[in-house]
Amino acid sequence: MPIRQLSETMINQIAAGEVIERPASVVKELVENALDAGAGRVEIVTAGGGLSLIRVTDDGSGISEPELALAVARHCTSKLSDDIHDIRSLGFRGEALPSIGSVARLSIRSRTASGDSAAEIGIEGGRVLPVKPAAANRGTTVEVRDLFFATPARLKFMKGERAESSATGDVVKRIAIAFPAVRFTLAGADRSTLELPATGDTPDGRLARVAQVMGKDFPDNAIPIDAMRDGVHLAGHVSIPSYTRANALQQYAYVNGRPVRDKLIAGAIRGAFADVLPRDRHAVTVLFLSLDPATVDVNVHPAKADVRFRDPGLVRGLIVGAIREALAGAGIRAATSGAAGMMAAFRPGTAPYAHPRPTAGHRSYEAAYHASGFSGFDHGSNLARSPQRPLDMGDARQPRNGFAENEQAAFDTGPVASADARAGITEPAEALLGMALGAARAQVHENYIVAQTRDSLIIVDQHAAHERLVYEALKNALHSRAVPSQMLLLPEIVDLPEEDAERLALHSETLAKFGLGLERFGPGAVAVRETPSMLGETNVQQLVRDLADEIADNDTVETLKERLDRIAATMACHGSVRSGRLLKAEEMNALLRQMEATPGSGTCNHGRPTYIELKLADIERLFGRR
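Residues numbered from 1 in each chain as written. Predicted model: local features only at pLDDT ≥ 70, side-chain atom pairs only at ≥ 80, totals over all residues. Heavy atoms only, no water.

Novice: Help me understand the environment of Leu 535 in this model?
Specialist: Within the secondary structure, Leu 535 sits in the loop between strand S25 (525-532) and helix H18 (540-554). Look at Leu 535 and you get buried, because its relative accessible area is 15%. In this structure the C-alpha to C-alpha distance between Leu 535 and Leu 564, which are 29 residues apart in sequence, comes to 7.2 Å. (Helix = DSSP H or I, 4+ residues; strand = E, 2+ residues; numbered from the N terminus. Buried < 20%, exposed > 50% of the residue type's maximum accessible area, 1.4 Å probe, protein only.)

Novice: Honestly, the sheet that holds strand S23 (residues 485-495) in this entry has me stumped. Any pointers?
Specialist: Two strands in a sheet stick together by hydrogen bonds in their backbones, pointing the same way (parallel) or opposite ways (antiparallel). What the three strands build is an open sheet, ordered S23-S25-S24; its pairing is antiparallel. Each of the sheet's edge strands pairs with one partner strand only, and the pair in question is S23 and strand S24 (517-520). Mean inter-strand twist for the sheet, computed between neighbouring axes without regard to direction, equals 15°. Sheet topology places S24 next to S25; four bridges connect them, and they run antiparallel. (Pairing = 2+ DSSP bridges. Axes fitted to C-alpha atoms, helices over the stretch in contact; angles between N-to-C directions.)

Novice: Is there a simple way to think about helix H16 (residues 498-506) in this case?
Specialist: If you check which residues of H16 are buried, you get Asp 500, Ala 501 and Leu 504. The buried residues of H16 occupy one face: seen down the axis, they fall within an arc of 100°. (Arc of directions from axis to C-beta.)

Novice: How do you make sense of the sheet that holds strand S10 (residues 222-229) when you look at a structure like this?
Specialist: In space, the five strands of this open sheet follow the order S10-S11-S16-S13-S14, with mixed pairing throughout. The open sheet is flanked by S10 and strand S14 (258-260), the only strands paired with a single partner. Put simply, the sheet's adjacent strands are angled 20° from each other on average, direction ignored. Relative to strand S11 (residues 232-239), S10 runs antiparallel, the two sharing eight bridges. Each bridged residue has a counterpart across the sheet, and for Ala 222 the counterpart in S11 is Ser 239.

Novice: Explanation requested: the packing of aromatic side chains in the structure shown.
Specialist: Each aromatic ring pair is described using two quantities: the centre-to-centre distance and the angle formed by the ring planes. Applying the stated criterion across every chain, the model contains one aromatic pair. Aromatic side chains Tyr 254 and Phe 288 sit 4.9 Å apart centroid to centroid with 15° between the ring planes, which places their arrangement in the stacked category. Here Phe 288 lies in strand S16 (residues 285-290) and Tyr 254 lies in strand S13 (residues 251-255), a separation of 34 residues in the sequence. With a relative accessible area of 1%, Tyr 254 lands in the buried category. Sitting over the ring of Phe 149, Arg 105 keeps its end group 3.9 Å from the ring centre. (Phe/Tyr/Trp six-rings, centres within 6.5 Å; stacked < 30°, edge-to-face > 60°. Lys NZ or Arg CZ within 6 Å of the ring centre and 35° of its normal.)

Novice: Would you mind showing me how to read unusual backbone geometry here?
Specialist: With the exception of glycine, most residues fall at negative phi, and the peptide bonds are largely trans. Backbone geometry at Asp 146 places phi at a positive 50°, although glycine is not the residue there. On the secondary structure map, Asp 146 appears in the loop between strand S7 (139-145) and helix H5 (152-155). Overall, the relative accessible area of 34% leaves Asp 146 in the partly exposed class. At His 445, a residue that is not glycine, the phi angle is positive and equals roughly 55°. In this structure, His 445 sits in the loop between strand S20 (439-444) and strand S21 (448-452). Of the residues examined, His 445 reaches a relative accessible area of 60% and is grouped as exposed.

Next comes the structure, spelled out in structure tokens:
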């Protein structure tokens, strides 16, 4: 087949294959156009999951009638200057509208602020219709019908209506977080209405918008991030280690206001939380990176979902360092979800007997009560006979104007059934009640410390808590000096591509601090002479190759550090206070004070929470006092 020039419709359909993957892609492009036009209100309506109808209405600057024909022409845009590296808008290629029009029925109705009337233009399967007058308010309405009608094969790859609607909702939420001063509405017959009122472009307003999208629990379980390094600014919020999700869908990242799904940022978040989260749990994050547009390339992906940084090591180091510093500075905090789970577990029980004791003074009820033959529990009955009504254990015929002497004795004699040890007979010092974890009052089931603050009840898992304390102490000792190494009897020669060997040689000084001694051995190999003593017998070949891959991806040597930290975690697990050990009051309080002083002590090495806090107000609600 001879080489020939493709038709304009074919070119646009090829571009649509890159840019317009599904209905959510159309919504993304149209909403970005509305925001670039300065809209303060964006309304989206869909039907049939977006395949039948997508309508986006905004109150932005609008498009003048003479420019409408250019708006649907390929590579025509008002957003790009002569410098391709100075991109300050969400869109810039000028491909979205002609690409959409080549595979669907597209109409654009717009009016500028200075225009006397509106104008409308349409495209059907790549055929441009003439501009005609229309009636509309200031702004633009873009309507897309019968998506992919011109490319029926693409319809076979669409998911169900519910899945497409869900993807559209996710796109709108992701964009809305970056624009808190804009009101977003997403409605349609195929979904429940999503309304996100404008909250204002202030710190409080941005956090309020995040709460609208991610739920009201997130601000209560989030830590603010604000860091700057070499012209790169990082802001946002990350969840505390005990507030996690089963997947990474609630990790939102933005570069100069643009939503991105970048593997470098995702890897940095994962690395920052590596010490405090289990492998199957993910942090909840909203991070905004601001930097000079010339230092980031957004033109590396057709849908602009990925970016490329000029200095990826700087960006990764900033994210990891800022999150770890924020986690360390946040002190000890428990997730509110833990208290909610405890509230759900404590369901008020019903008494096992049907007849409540009559109140004093009601003689007719008193007579009927005694006539039933029930005379109360005798003094020799088992105290566990009615655990939900412990005060109804005396003779029913005794006066009930206070605790009877023999009834109170039941509480003063014998072991306390629910506690293995008491923190002390005297009341705890007032100063201890003011501490974050309060004063220890009891040890339950030889594993859980019950503590009291001025306004809450705290339950601590003693093994998990001490495991974290030992782990942090081992890590500090490990990284405060060079890691001890062991000399290999014979150097291990590892064959590698020349570029990988060169990268390892450049990082040899850093690797030596972690106990790994290596040097170049010809153009395509390295010789390993020392390995960290903590690793014992290890697969040197695999370790070196893993390090080479990580340096190639992120320009770091975190793999070796993580392996050493995992060994420290194992040592901490076996060297910490075991479950079943009775602790004295001073030991329990000492453990609480150490937890307060240790960063990350809210979770153990495996990511499980070390303590749960239940506020006094929640306890009162459980008993119907509120």
